[in-house]
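A structural walkthrough
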Amino acid sequence: DTGVSQDPRHKITKRGQNVTFRCDPISEHNRLYWYRQTLGQGPEFLTYFQNEAQLEKSRLLSDRFSAERPKGSFSTLEIQRTEQGDSAMYLCASSLLSGGSYYEQYFGPGTRLTVT
Amino acid sequence: AQTVTQSQPEMSVQEAETVTLSCTYDTSENNYYLFWYKQPPSRQMILVIRQEAYKQQNATENRFSVNFQKAAKSFSLKISDSQLGDTAMYFCAFMKWGSGKLSFGAGTTVTVRA
């Protein structure tokens, strides 16, 4: 399967713990996006990378959140000192920027985080 | 900032019938894209159809078609000949031209009844 993959698929953690999620994009894709989706809602943009550069961060991304994309391949999203409000599905998507203005985003299956 | 509004939380349709989902958006941009994404239960989101704002012709993909009204900032999705596999949550989304960021509506859950 050559789609976007995310690991883990489910994570249960206690409040105050740190968690890290991983996203592996489609291999030739140079853009990678993180979204957060709470139950019954649409995804909300968190941040995106072009290669290894983080180009934009949402105001939703508090200081407890950090994302990296070393070497422009996989990406990690870390949440420090988790809070119950962080419980959500974290979606990753990737796309190929090839000189045009439109880039279709392909989504991964998501990581469901539950903070107890 | 762009906002996307889907006013129908749930829709139910009989198999083989047609259902139309509503979406309105607010933007000051002139060049943008609009999308409908499908998220089946416990499965990942996939693109159903996209519309470029500069195109007057409504996009069509097999049984899926849109009615794009730029002046009214309206972008509805019609699913014709509904199939059981169409059961999913459908999200309307907006992307500013040249940006990678998608802004989603809250979604409409579509249930196709046998």
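The following paragraphs examine the structure supplied in this document. (Residues numbered from 1 in each chain as written. Chains lettered and ligands numbered in written order. Predicted model: local features only at pLDDT ≥ 70, side-chain atom pairs only at ≥ 80, totals over all residues. Heavy atoms only, no water.)

Observations regarding the packing of aromatic side chains
All names here are of chain A. Heads up, the rule is: Pairing of aromatic side chains requires ring centres within 6.5 Å, counting the rings of Phe and Tyr and the six-membered ring of Trp. Pairs whose planes differ by under 30 degrees are stacked, by over 60 edge-to-face, and all others tilted. Labels follow the DSSP assignment, with helices taken as runs of H or I lasting at least four residues and strands as runs of E lasting at least two, numbered in each case from the N terminus. Note on exposure labels: buried denotes an accessible area under 20% of the residue type's maximum, exposed denotes more than 50%, and partly exposed covers the range between, all computed with a 1.4 Å probe on protein chains only.
Per the stated rule, a full pass over the model turns up 18 aromatic pairs over all chains. Between Y35 and F45, the ring centres sit 6.0 Å apart and the planes meet at 75°, which makes this aromatic pair edge-to-face. Of the two residues, Y35 is situated in strand β4 (residues 31–37) and F45 in strand β5 (residues 44–50); the sequence distance between them amounts to ten residues. Of the two residues, Y35 and F45, neither departs from the other in class, the shared state being buried.

Describing the pattern of salt bridges
Residues and elements named next belong to chain A. Heads up, the condition is: By convention in these notes, a salt bridge is any Lys or Arg side-chain nitrogen within 4 Å of a carboxyl oxygen on Asp or Glu.
Applying the stated criterion to the full structure yields eight salt bridges over all chains. With a shortest N-O distance of 2.8 Å, D86 and R64 are connected by a salt bridge. Of this pair, D86 sits in the loop between β8 (75–79) and β9 (88–95) while R64 sits in the loop between β6 (53–57) and β7 (65–68), and the two are 22 residues apart along the sequence. Judged by relative accessible area, which is 3%, D86 ranks as buried.

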